[in-house]
Amino acid sequence: MTRILLLFLISSQVCFGQSGSKKVEVMMDTSVNLYAFVGKRVSLTEYDPNADYNKPLRVEVDSTTGATSVYRRSYIMDHAFDAKYIVMRPVFNDLKTDTVAFKAFDHYGQPAFEKYDYVLLYLSKSDSGNYYFHQKYSFDPLKKKKNGSYVGEKGKSLRRLFNIKKNTVFKARGLFRS
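Here goes a summary of the coordinates provided.

About the cut-offs
Residues numbered from 1 in each chain as written. Predicted model: local features only at pLDDT ≥ 70, side-chain atom pairs only at ≥ 80, totals over all residues. Heavy atoms only, no water. Helix = DSSP H or I, 4+ residues; strand = E, 2+ residues; numbered from the N terminus. Contact = heavy atoms within 4.5 Å. Areas by Shrake-Rupley, 256 points an atom, 1.4 Å probe, with all protein chains shown as cover. Salt bridge = Lys/Arg side-chain N within 4 Å of Asp/Glu carboxyl O. Pairing = 2+ DSSP bridges.

1. Brief notes about the overall build of the protein
Of regular secondary structure, the protein possesses 3 helices and 10 strands. Each helix and strand of the protein, placed in order from N terminus to C terminus, yields the pattern α-β-β-β-β-β-β-β-β-β-β-α-α. Of the contacts made within the protein by residues no fewer than 6 positions apart, 62% connect residues no fewer than 24 positions apart. Here the protein displays about 11900 Å² of accessible surface, and carbon together with sulfur accounts for 52% of that area.

See the structure below:
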């Protein structure tokens, strides 16, 4: 019996966290750089991602010709935002905080997720680990039910919404293996 219980706990990859006084199920896989949570907007502020565009050009050596006249400068073509959201409920990989600040980039202007009171948001941590960033264009609008739970369009559960993104967008982006 002990072996069966231990095997269940190891294979389930689910833990339980607190959300107010209720226990909520949180899917966990810390080997994946992804966090999904139900969020409510605190702030969304646009900034110029190219503010330091006037800094001096870098001189680099061209690896093919050996020439030192190759100059490189990056320019971000997206609108950039500093966002802050209340973490209403973790869904995948608990952020372990009640609010989270992150960067969001959108080629079309304001991020579409800002239109909704509650959204299922998907973040990753930067390579340096210094900040979180929004997985571009990935979110699900949510409705809060009278009992305090959240559902997506056509009553889809948070787990179902997450698994749809996991098996499509995030698998294509290489976050999950085939």
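2. Structural notes on the side chain of serine 138
Here serine 138 is to be found in strand β9 (residues 132–144). Ignoring any residue separated from it by four or fewer positions in sequence, one finds serine 138 in contact with Tyr122, Lys165, Val169, Phe170 and Arg173.

3. What to know about the pattern of salt bridges
As enumerated under the stated definition, the model contains 4 salt bridges in all. With a shortest N-O distance of 2.0 Å, glutamate 25 and arginine 159 are connected by a salt bridge. With a gap of 134 residues between them, glutamate 25 in strand β2 (residues 22–27) and arginine 159 in helix α2 (residues 158–167) connect regions that are remote in the sequence. The partner of aspartate 140 in a salt bridge is lysine 165, with the nearest N and O atoms 3.1 Å apart.

4. Side note on the pairing of strand β3 (residues 35–47)
As paired strands, β3 and strand β8 (residues 118–125) are joined by 5 bridges and run antiparallel to one another. Directly across from phenylalanine 37, in β8, lies its bridge partner leucine 121. Bridge count between β3 and strand β6 (residues 79–92): 11 bridges; the pairing is antiparallel. Of the residues in β6, the one forming a bridge with leucine 44 is alanine 83.

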